[in-house]
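# Commentary on secondary and tertiary structure
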Amino acid sequence: MRERERATKDYKLIPARSRQKKNLLMLNGYTFAQNHTPRLWYCSQKRNGCKAKIKMSDNGYILRADTDHCHTPPMYYINKLGEYRLYYKLIPSRQKKNLLMLNGYTFAQNHSPRLWYCSQKRNGCKAKINMSHKGRILYADKDHCHTPPEYYVTKTGEYVLMKSKKC
Ligand SMILES: [Zn+2]
Ligand SMILES: [Zn+2]
């Protein structure tokens, strides 16, 4: 009975968008995707080694949440239409091009102003972002094969690259 007392519906479902086949579940800022069975949800960063998962009851209550994430939560904001959008920011660069930061990962513009590739592209990472001309993220392939770079922000708002984080 104790499990039942702790059962909660304190999570949000993020409806799937065109390119995403499945709904996402958001709990404490982290997103989870359904996997194999409708009662098991795994962290969206599962492929990067995160072991967090949620066990759901048939009527949609969280029975058990293993929320030991090895990474920071993705950043979403809710727009006026109530849609979830990934929050990103542009980092001014001393080099020629700006960087785009999404969930702690950095992307550089490549060939087209609407296509951004992970800064680790040269090391084999295939993550990329497809941007609308209005600057909205249409599609984000967030399957990085590495941990995010670590930046700190100086008093003047400059981003300084630290070391890579280990999962
Ligand atoms: Zn996680
Ligand atoms: Zn990457």
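Our structure is the block above this text.
Structural notes, computed from the coordinates.

The rules we used
Residues numbered from 1 in each chain as written. Chains lettered and ligands numbered in written order. Predicted model: local features only at pLDDT ≥ 70, side-chain atom pairs only at ≥ 80, totals over all residues. Core = buried A, V, L, I, M, F, W, Y, C linked by C-beta atoms within 7 Å. Buried ≥ 20, exposed ≤ 12 C-beta atoms within 10 Å, placed from the backbone. Helix = DSSP H or I, 4+ residues; strand = E, 2+ residues; numbered from the N terminus. Contact = placed C-beta atoms within 7 Å. Pairing = 2+ DSSP bridges. Axes fitted to C-alpha atoms, helices over the stretch in contact; angles between N-to-C directions.

Further remarks concern the nonpolar core. Generally speaking, nonpolar side chains in soluble globular proteins are found buried as a group. Counting 13 residues, the largest nonpolar core has Leu100, Met101, Leu102, Tyr105, Phe107, Trp116 and Ile129 as its most contacted members. Elements that contribute at least two residues to this core include exactly strand E10 (99–102), strand E11 (105–110), strand E12 (112–118) and strand E13 (128–131). In this structure isoleucine 129 touches Leu100, Leu102, Phe107, Trp116, Ile137 and Ala140, once residues within four positions along its chain are discounted. Among the nonpolar cores identified, the runner-up in size contains ten residues, and Leu24, Phe32, Cys43 and Met56 belong to it.

Our focus in this paragraph is the pairing of strand E3 (residues 30–35). Of the strand pairs in this sheet, strand E2 (residues 24–27) and E3 are connected by four bridges, and their pairing is antiparallel. Bridge assignment links leucine 27 to a residue of E3, and that residue is tyrosine 30. Between E2 and E3, which pair antiparallel in sequence order, lie two residues; one of them, asparagine 28, sits at a positive phi of approximately 55 degrees. A loop of one residue connects E3 with strand E4 (residues 37–43), the two strands running antiparallel in sequence, and histidine 36 in this loop sits at a positive phi of about 65 degrees.

On to the sheet that holds E11, then. Within a sheet, each strand pairs with its neighbour through backbone hydrogen bonds, oriented either parallel or antiparallel. Reading across the sheet, the six strands line up as E9-E10-E11-E12-E13-E14 and stay open at both edges, with antiparallel pairing between neighbours. If you trace the sheet from one side to the other, it starts and ends with strand E9 (88–91) and strand E14 (137–141), each paired once. Strand-to-strand twist across the sheet, computed as the mean angle between neighbouring axes with direction ignored, equals 25 degrees. Both E12 and E13 contribute to a ladder of three bridges, which runs antiparallel. Each residue of the ladder has a partner; that of tryptophan 116, found in E13, is isoleucine 129.

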